[in-house]
Amino acid sequence: MLNAFEPRVVLQEVPGEVSLAWLVTGCPLACDGCHSQHSWNPTAGTPLTEARLKQWLERYAGLVSCVLFFGGEWDRHGLLALLRHCRSQGLKTCLYTGRERVSGLLMAELDYLKTGPWRASLGGLDSPHTNQRLRCLNTGESLNHHFRRAP
Ligand code: SF4
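Residues numbered from 1 in each chain as written. Predicted model: local features only at pLDDT ≥ 70, side-chain atom pairs only at ≥ 80, totals over all residues. Heavy atoms only, no water.

Novice: What is the right way to look at the packing of aromatic side chains in this model?
Specialist: Considering all chains together, one arrives at three aromatic pairs under this definition. Summarising the aromatic geometry, the rings of tryptophan 22 and tryptophan 56 are spaced 6.3 Å apart at their centres and angled 80 degrees between planes, so their arrangement reads as edge-to-face. Within this pair, whereas tryptophan 22 is found in strand E3 (residues 19-25), its partner tryptophan 56 is found in helix H1 (residues 50-59), the two being separated by 34 residues in sequence. For tryptophan 56, a relative accessible area of 10% gives the class buried. Judged by centre distance (6.1 Å) and plane angle (5 degrees), the rings of tryptophan 56 and tyrosine 60 are stacked. (Phe/Tyr/Trp six-rings, centres within 6.5 Å; stacked < 30°, edge-to-face > 60°. Helix = DSSP H or I, 4+ residues; strand = E, 2+ residues; numbered from the N terminus. Buried < 20%, exposed > 50% of the residue type's maximum accessible area, 1.4 Å probe, protein only.)

Novice: Is there a simple way to explain the pairing of strand E8 (residues 133-136) in this structure?
Specialist: Residues of E8 alternate between two faces, with Leu134 and Cys136 buried on one and Arg133 and Arg135 left unburied on the opposite face. Of the strand pairs in this sheet, strand E7 (residues 112-115) and E8 are connected by four bridges, and their pairing is antiparallel. In the sheet register, tyrosine 112 faces E8, and the bridge partner there is cysteine 136. (Pairing = 2+ DSSP bridges.)

Geometric descriptors of this kind do not, in isolation, establish any biological role.
Given below as C-alpha cells:
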C-alpha cells in the first residue's frame, strides 16, 4: 500500500493539463539535495487507497484533466490500480519518477512520464543541461521546452 500527502491542484507540472498531484511517500532513491526529503519515510502521509483517490476525483470532477503521481513506481501493482482508476474516469495520467525507466505495464497506463533523478549540477526541467525528461507517451514528444525560461 502506498501512502501520500493530501493532493493539490497544479498547473505547470504537466503542460496543457490541470492536474491533481499526489506526493507519494517512500521514495527510495535518496537523491542528494532532494527538495522532498520529508516524503522519504514510507509511513508519512496516509494510505492512498482507491477509495481515497475516488473521493478526491469526485471532488474535482470537471475541474482537473490529469492525475499526477510524484513517485509510487516502487509499488507497481499499487500504482497500476490507481492509474487504471484514473483512466476509467476519463482522466489522463502522469508519473514523475527519479528512475531512468519504468516497466511497460506502467507505461501502458500513463499519458506522460518524467524520468531521471535530481542532479543539482544539471538542474531540473527548466535547465538546458538537465538529465531529466518529460515526455508525452502518446506522441513521443519531449515536453522539456515548456519549462525553459526565455533567455
Ligand atoms: S527521485 Fe525525487 S523524491 Fe526521490 S529522492 Fe530523488 S528528488 Fe527526491
